[in-house]
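Residue strings, one per chain:
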Amino acid sequence: MPLENMNAMLGKAAGAGYAVGAFNILDYNSTKAVVLAAEETNAPVIIQTSAKTVIFWGASAIISWIRQLAGPSRVPIALHLDHCKDLDLIEECIESGWTSVMIDASSKPFEENLSLSRKVVQMARPKNVTVEAELGAIVGVEDDIHVKQQDSHLADSDQAIKFCEDVEPDCFAPAIGTAHGVYKGVPKIAYDLLEEIAAKIEAPIALHGGTGLADNVFKKCISLGCAKVNISTQLKYAFIDGFVAYHNANNIEYNPLKVIDAQFDALKAGIVEKINLFGSSGKV
Ligand code: 13P
């Protein structure tokens, strides 16, 4: 199937008690793992690229391998640019074939975040590209965005409502206490805030910082209105650990294709597990 934007898949998930997994890919092998995991579970899926990954490989290389893998697939697949502060890169991805983008102007003052996010909606909507926007500051490191604990803050619910009314994002990412990267302690999730925001806005909600959250936390956030769940660090670990574990166990072999296969298996197993946990299996 051709790539689609996030509207139909998130629209179906929101309110239906499940969430679509959004997985940050790193290369061809990890993209293949996401696509085949989605096919195995018969689930819609979002392939995400960080801005850094786009710059590393180039937009045209990425879009060509993604179209090659997603084209013959029978599950709905969206290609989404994760946290991006750079409007030129957002425009390049829109022109190159990404079906969804995230503007992350959350470090800016509220009014500036509003106007930058609105600008991206104006750029994307005529091209049928969906837009995710963020409010609050999610602690941790995602790509080249570093938010220290002392600079992180939750989204404000009144501002969230005004933001969504003004910007009309297709997906809204409020900071609710999750973190990017590896959790150092038990995260304190602001469930009340999530519930309040979900009740008052129309856009489906994205849960960031998925790696390391307990199963019951995912389930509660999904039941309270999260329709998209982001997983990145888990794939980074599987990418490296899957590779290293195979080599350590077979270190006289030096057969790169077998190492790549082992990496693929590690990536895909973790993605399948998350898709099943989020309840999106069979929801095509
Ligand atoms: P993790 O790296 O914690 O899985 O977070 C992913 C994310 O939210 C990407 O935007």
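Just above sits the structure.
As a convention, each chain's residues are numbered from 1 in the sequence order in which they are written. Predicted model: local features are reported for residues with pLDDT of at least 70 only, side-chain atom pairs are reported and counted for 80 or more only, and whole-chain, interface and lining totals are derived from all residues. Only hydrogens and water are set aside when side-chain values are computed; all heavy atoms of the structure are taken into account.

Participant: So what about the sheet that holds strand S7 (residues 145–147)? Which residues, and what values?
Facilitator: Pairs of strands are assigned from DSSP output, requiring at least two bridges between the strands. For the purposes of this entry, the term helix denotes a DSSP run of H or I that reaches at least four residues, the term strand denotes a run of E that reaches at least two, and both are numbered from the N terminus. Spatial ordering of the open sheet is given by S7-S6-S9, a layout of three strands whose pairing is mixed. Looking at which strands have only one partner, the edges of the open sheet turn out to be S7 and strand S9 (179–180).

Participant: Help me get a handle on the layout of surface pockets, residues and values and all.
Facilitator: By volume, the largest pocket is sized at about 350 Å³. In terms of lining, the largest pocket is formed by 23 residues, of which the most central are Val139, Gln149, Thr178, Ala179 and Tyr183. Those elements giving two or more residues to the lining of the largest pocket turn out to be strand S6 (139–142) and S9. Gly falls in the polar group here, along with every residue not listed as nonpolar (Ala, Val, Leu, Ile, Met, Phe, Trp, Tyr, Cys, Pro) or charged (Asp, Glu, Lys, Arg). Looking at the lining of the largest pocket residue by residue, the class counts come to 12 nonpolar, nine polar and two charged. Points on a 1 Å grid over protein atoms alone make up a cavity when a 1.4 Å probe fits among them but cannot get out, and a pocket when they form an open set with protein on both sides within 12 Å along at least five of seven lines; lining residues each have an atom within 4 Å of a point. Grid points are joined across faces, edges and corners, and a volume is the space filled by probe spheres set on the points.

Participant: Tell me what's going on with the site of the ligand, and back it up with residues and numbers.
Facilitator: Neighbouring the ligand are 14 residues; Asp82, Gly209, Thr211, Ser232 and Thr233 lie closest to it. His180 places a polar side-chain atom, nitrogen or oxygen, 3.1 Å from an oxygen atom of the ligand. Across the complex, the protein chains shield 100% of the 300 Å² of accessible surface that the ligand would expose by itself. Contributions of two or more residues to the shell around the ligand are made by strand S3 (77–84), S9 and strand S11 (226–231). What makes a residue near a molecule or strand is one non-hydrogen atom of that residue sitting within 4 Å of it. Side-chain atoms alone can form a polar contact between residues adjacent in sequence; in general such a contact is a pair of N or O atoms within 3.5 Å, and within protein one must be able to donate a hydrogen while the other accepts it. Surface exposure here means Shrake-Rupley accessible area, sampled with a 1.4 Å probe, where a residue is shielded only by the protein chains that are shown.

Participant: How would you summarise the pattern of salt bridges if you had to cite specific residues and measurements?
Facilitator: For this document, the term salt bridge refers to a Lys or Arg side-chain nitrogen within 4 Å of an Asp or Glu carboxyl oxygen. If you walk through the whole model with that rule in mind, you get 10 salt bridges. Among the salt bridges present, the one from Glu40 reaches Lys268, with a minimum N-O distance of 2.7 Å. Remark: Lys268 occurs in helix H11 (residues 256–278) and Glu40 occurs in helix H2 (residues 28–41); sequence separation between them is 228 residues. Among the charged side chains, a salt-bridge network with shared partners connects Arg118, Lys162 and Asp166.

Participant: So what about the nonpolar core? Which residues, and what values?
Facilitator: In terms of nonpolar packing, the biggest core is built from 83 residues, with Ile90, Trp98, Phe172 and Cys221 touching the most fellow members. It only takes one pair of heavy atoms within 4.5 Å for two residues to be counted as in contact. Non-local contacts of Trp98, meaning those with residues more than four positions away in its chain, are made with Thr49, Val54, Ala59, Ile62, Ile63, Leu79, His80, Leu81, Cys93 and Val129. The set of buried Ala, Val, Leu, Ile, Met, Phe, Trp, Tyr and Cys residues whose side-chain atoms join them within 4.5 Å is what this entry labels a nonpolar core. Classification of residues uses two cut-offs on accessible area relative to the type maximum, computed with a 1.4 Å probe and protein chains only: under 20% is buried, over 50% is exposed, and between them is partly exposed.

Participant: Describe in detail the packing of aromatic side chains, supporting the description with residues and values.
Facilitator: Pairing of aromatic side chains requires ring centres within 6.5 Å, counting the rings of Phe and Tyr and the six-membered ring of Trp. Pairs whose planes differ by under 30 degrees are stacked, by over 60 edge-to-face, and all others tilted. Considering all chains together, one arrives at five aromatic pairs under this definition. Geometrically, the ring pair formed by Phe110 and Phe163 is tilted, given 6.4 Å between the ring centres and 50° between the ring planes. Taken together, the residues span a long stretch of sequence, with Phe110 in helix H6 (residues 110–124) and Phe163 in helix H7 (residues 157–167) at a distance of 53 residues. For Phe110, a relative accessible area of 16% corresponds to the buried category. Put simply, the rings of Phe56, Trp57 and Trp65 pair up and form one aromatic cluster. In this structure, Lys32 is placed above the aromatic ring of Phe264, and the distance from its NZ or CZ to the ring centre is 4.9 Å. The ring of Tyr18 has Lys283 sitting right over it, with the charged end atom 4.9 Å from the ring centre. Whether a charge lies above a ring is judged from NZ of Lys or CZ of Arg, which has to be within 6 Å of the ring centre and within 35 degrees of the ring normal.

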